[in-house]
Each structure stands twice: as structure tokens, then as C-alpha cells.
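Survey of secondary and tertiary structure
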Amino acid sequence: MGRTPRCNRNESPVPARSIYLDWNATAPVEPAAVEAMVEAAHLWANPSSIHAAGRKARGLLESAREAVARHLGCAPTAVVFTGGGTEALGLALRGATASAHLISAIEHDAVRLQARDSRLIPVDAEGVIDLGALERLLADAPAGALVAVMHANNETGVIQPVDDILRLARAAAARVLVDCVQTAGKLPLPAADFVAVSAHKLGGPPGIGALIVRCADDFAGVQKGGGQERGYRAGTENLPAIAGFAAALDARADRGWIERAGQLRDRLEARLGGAEIFGAGAARLPTTSCIRMPGVTASTQLISFDLAGYQVSSGAACSSGKVAASHVLGAMGVAPEAASEAIRVSLGWTTTEAEVDGFADAWNALAMRKARAA
Ligand code: PLP
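The present account deals with the structure reproduced in this document. Every chain is numbered independently, its residues counted from 1 as its sequence is written. The model is predicted, so local features are restricted to residues of pLDDT at least 70 and side-chain atom pairs to those at 80 or more, both for listing and for counting; the totals for chains, interfaces and linings are taken over all residues. Excluding hydrogens and water, the side-chain values take into account all heavy atoms of the structure.

What about the pattern of salt bridges?
Criterion for a salt bridge: a side-chain nitrogen of Lys or Arg within 4 Å of a carboxyl oxygen of Asp or Glu. Taken as a whole and judged by the stated rule, the model has 20 salt bridges. In this structure, Arg252 engages Glu30 in a salt bridge whose closest nitrogen and oxygen atoms are separated by 2.7 Å. Note that Arg252 is positioned in the loop between α7 (239-251) and α8 (256-271) and Glu30 in the loop between β1 (19-20) and α1 (31-42), a separation of 222 residues in sequence. According to the relative accessible area criterion, Glu30 is buried, its value standing at 8%. For the salt bridge of Arg175 with Asp218, the shortest nitrogen-to-oxygen distance reads 2.6 Å. Of this pair, Arg175 sits in strand β6 (residues 175-179) while Asp218 sits in the loop between β8 (209-213) and α7, placing them 43 residues apart in sequence. Each of Arg58, Glu62, Arg65, Glu229 and Glu237 takes part in one network of salt bridges that share partners. Runs of H or I in DSSP of at least four residues are treated as helices and runs of E of at least two as strands, each being numbered from the N terminus. To sort residues, take the accessible area from a 1.4 Å probe on protein chains only and compare it with the maximum for the residue type: under 20% means buried, over 50% means exposed, and anything in between is partly exposed.

This is the structure we're talking about:
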């Protein structure tokens, strides 16, 4: 039997001379997070063991929990570590005692496919949740409903009026789950009943996340077993990943880069001739732009940009390698053909002006070539 292939630790997955503009899909792991993971891997004892080695591992686990709680603005006891954002959302949707699920029409599939018998809250043409419609849905829902909304949408970056949503839900005795996978480590998070976060979007490793639980009375958890994570999510804790998660948040505690990313995003959008920007009329996460090139499909654009050295994505889920129709743009009333011409460009803490200008030039060159060929 051969040896399982290993990678060269000095080699980036991004090809030489390529520019990574797909940070909403995942962010590069912070060197400090890698270091923390390696250190924690050497502390391999089970944090539930009573002996000295176990107590040492427990100490590291609890200090990582405190760091995560401090950065995300909650009590350490509210943090339930999970195997990522999808699991955190499922834990809330299946582990909370809820009479009904009301979910926005632009939720990630992790919510759409894990919610049960859900009623959809519509959004307006900018992708912002219709508060009037939510109020009517809450009035019709049985007491004890769970409302699931996003803090910022992964495709368009549109930020939702979460404070208003919390106010409406509280008046109707409903609980609120907010998907903060795209905003954790970037924006202050809302003090919702449940908040889902994921480490790999903020410089931590994939496969680790957390659900912040602020209403333990209405929550039973899902995965039962050894009683870890206060009995809400049993299973021996992934200490290296948890340590990497906390270290990534520490490393990115200075959020000055977000404002710079916003300026770069605005600069990029201003340089594109004939582009349509979805959600541009709403408050948006400064790192994200959903851009339509009229007359050119997203798959053609993705291939062309890849060849030109730019790693971007279609906003829609494309885990099968195919570009699927975007339910987010559909919910905003964008016609299917126009939606099929949208790509997502997302920036991060290492993105530079030269990278953004280079991409704008590549975008304009492709648009011009296609217009001439038409
Ligand atoms: N929610 C949003 C808004 C996302 O963008 C993603 C991932 O892209 C998820 C949930 C799922 O998170 P994870 O990949 O950690 O399971």
C-alpha cells in the first residue's frame, strides 16, 4: 500500500501569479491558527479525562472558548462548538423547541434544507427582508416559532435589518436564529437567541464552528452521547480545530482591513463598464460584490477569469462543479437569464488595489470581447 499523499506546506493552492477573490467561499488559514493547531495536536489528551493530561487539554479548550466568546460578544457558557456553520445551523433548527420555522427566502441551503415545514419570508428587489411580511407571518404563526435569517447574504453581501427582526420576533414571542457565517470576525454580531458561525470564513480551519445559544430553556441539542458541550453536542472535542478557530479570531481582532476592503470593492465596481451590481442599493458587507456581465453566462466568465488568473465564483452553490440557478437572485425578482450572468467577487485582508484593478481590467476586456463577438 502506498503512502497517503501529503502536500508541500510551502505551496499555496492558488496557482502562481493567480489572484484569489473568492474569500466568501473560504479564507486562507492564518499562520497563527496553523501554529495553534499544531500545538494543540501535541496536547492530544481527552479534555473529559480527570487526570492531569486531560485537565491540561480542558484548560486549553476553555481558554479557546473564552477567546471565541470575547471576540463574538457572548458569554463563554453560550458557546457550543460544532463541526462548522452547516452543523451549527442544523443544531439550532433541530435542537430548539420551535412550533414552526419562518425562514427568509435568501437563506443558505444549510437552512433551507434543514428547516422543517418552513414558511418563507420574502425579500425586496435589493435582497432585504420584507419586515411587513415578517410581521404578518408572525401574526399567523403559532406561539414559539423560530425565525431564521442571515446577518449578511453570502452571494450579494446584503446586510439584513436584524435589530428590527429581533424586535418583531420578541413582540410575537418567537425565537431568532441568525446565520452569521459571513459576518463573524468582520462585523459586531447581533444578540440573537441563536447565532451560527464558522471558522473557515475568518482565517480558521474548516470543519469547526459554533452555535451561540442564548435561550437554553428552549434548546435541547441534537447529538447525544458523552455529554460534551453541556450535552448539546456530544462527541470528543476537536481541540486542534477549536484552538485554530480562537487563534484566527485573535489574529484578525483588528478589523481595520474591512474598511479598506470596502474602499477596494467600491473602486472595483466603479471601474466596471456596463455591469449590474445586485443589492447595490442596500447596506452590504464591504467585502462582497455580486456582478452581472450582460450577455455572458457565469460559467463562461468563471472559466475566462480562471484562465486570466483570477479565482472568483458564481454566487450560487456550485458544489457539483455546475453553476446552479441562484435562489437568492430569484427571490430578489431577478430574471433567470440575468441571474445566470452573475458572479461573486469577494475580498479579504490581503486584497490589494493592484489585484482589484487587474480584475477590473480583465472584466472589461472580457465584456468588450463578448460585445464585439455578439
Ligand atoms: N451559511 C452561509 C451564509 C455560508 O456562506 C456558508 C458557507 O458557505 C454556510 C452557512 C455553511 O458553513 P460551513 O461551510 O462552515 O458548513
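So that's the structure; there's more coming.
What about the sheet that holds strand β9 (residues 276-277)?
Paired strands are those between which DSSP finds at least two bridges. If you trace the three strands from one edge of the open sheet to the other, you get β9-β10-β12, paired in antiparallel fashion. Taken across any chain shown, the strands that pair with only one partner, and hence form the sheet edges, are β9 and β12 (342-346). Where β9 meets strand β10 (residues 288-292), two bridges bridge the pair, whose relative direction is antiparallel. Looking at the pairing, Glu276 lines up with Arg292 of β10. In this description, contact between two residues means that some pair of their heavy atoms is separated by no more than 4.5 Å. With axes taken as lines fitted to C-alpha atoms, and helix axes fitted only over the stretch in contact, angles between N-to-C directions fall between 0 and 180 degrees. Packed on one face of the sheet, α8 meets β9, β10 and β12 and runs near 10° to β10.

Some remarks on α1
Multiply 1.5 Å by the residue count of a helix minus one, and that product is the helix's expected span. Relative to the 16 Å expected for 12 residues at 1.5 Å per residue, α1 spans 17 Å between its end C-alpha atoms, a close match to the ideal helical length. Taken together, the buried positions of α1 are Ala33, Ala36, Met37 and Ala40. What you see down the axis of α1 is that its buried residues fit within an arc of 100°, all on one side. Turned more than 90 degrees from where α1 packs its buried face, Pro31, Glu35, Glu39 and His42 sit exposed. Looking at the packing, one finds that the buried side of α1 touches α2 (52-72) and α7. Within this analysis, the arc is defined by the directions that extend from the helix axis to the C-beta atoms.

Concerning the packing of α1 against α7
Following both chains from N to C, one finds α1 and α7 inclined at 150°, their axes separated by 7 Å at the closest point. By the angle between their directions, the pair α1 and α7 is classed as roughly antiparallel. Between α1 and α7 the crossing geometry is right-handed. Taken together, the residues of α7 that come into contact with α1 (itself represented by Ala32, Ala33, Ala36, Met37, Ala40 and Ala41) are Leu239, Pro240, Ala241, Ala243, Gly244, Ala247, Ala248 and Ala251. Across the contact of α1 with α7, the residue classes break down as 13 nonpolar, one polar and no charged. Oblique is the label for any angle not covered by the other classes, which are roughly parallel (under 35 degrees), roughly antiparallel (over 145) and roughly perpendicular (65 to 115). With the far helix as reference, a near helix turned anticlockwise by less than a right angle produces a left-handed crossing, and one turned clockwise produces a right-handed crossing. When residues are grouped by polarity, Ala, Val, Leu, Ile, Met, Phe, Trp, Tyr, Cys and Pro land in nonpolar, Asp, Glu, Lys and Arg in charged, and all others, Gly among them, in polar.

Comments concerning the sheet that holds strand β7 (residues 194-198)
Sheet strands associate in pairs through backbone hydrogen bonding, adopting either a parallel or an antiparallel arrangement. With mixed pairing, seven strands are arranged side by side in an open sheet as β2-β8-β7-β6-β5-β3-β4. Because the sheet does not close on itself, it has two edges, and the strands there are β2 (79-82) and β4 (119-121). With direction set aside, neighbouring strand axes in the sheet form an average angle of 20°. Pairing between strand β3 (residues 101-104) and strand β5 (residues 146-150): three bridges, direction parallel.

Overview of the packing of aromatic side chains
Only the six-membered ring of Trp is used, alongside the rings of Phe and Tyr, when aromatic pairs are assigned; centres must lie within 6.5 Å, and planes under 30 degrees apart are stacked while those over 60 apart are edge-to-face, with the rest tilted. For the structure on display, the rule yields eight aromatic pairs. Centre to centre, the rings of Trp23 and Trp349 are 4.9 Å apart; their planes meet at 70°, and the pair counts as edge-to-face. Linking Trp23 in the loop between β1 and α1 with Trp349 in the loop between β12 and α12 (353-373), this pair joins segments that are 326 residues apart in sequence. Take Trp349: its relative accessible area is 14%, and that puts it in the buried class. An aromatic cluster is present here, built from Tyr20, Trp23, Trp257 and Trp349 joined pairwise through their rings.

Just geometry here; none of it tells us what the structure is for.
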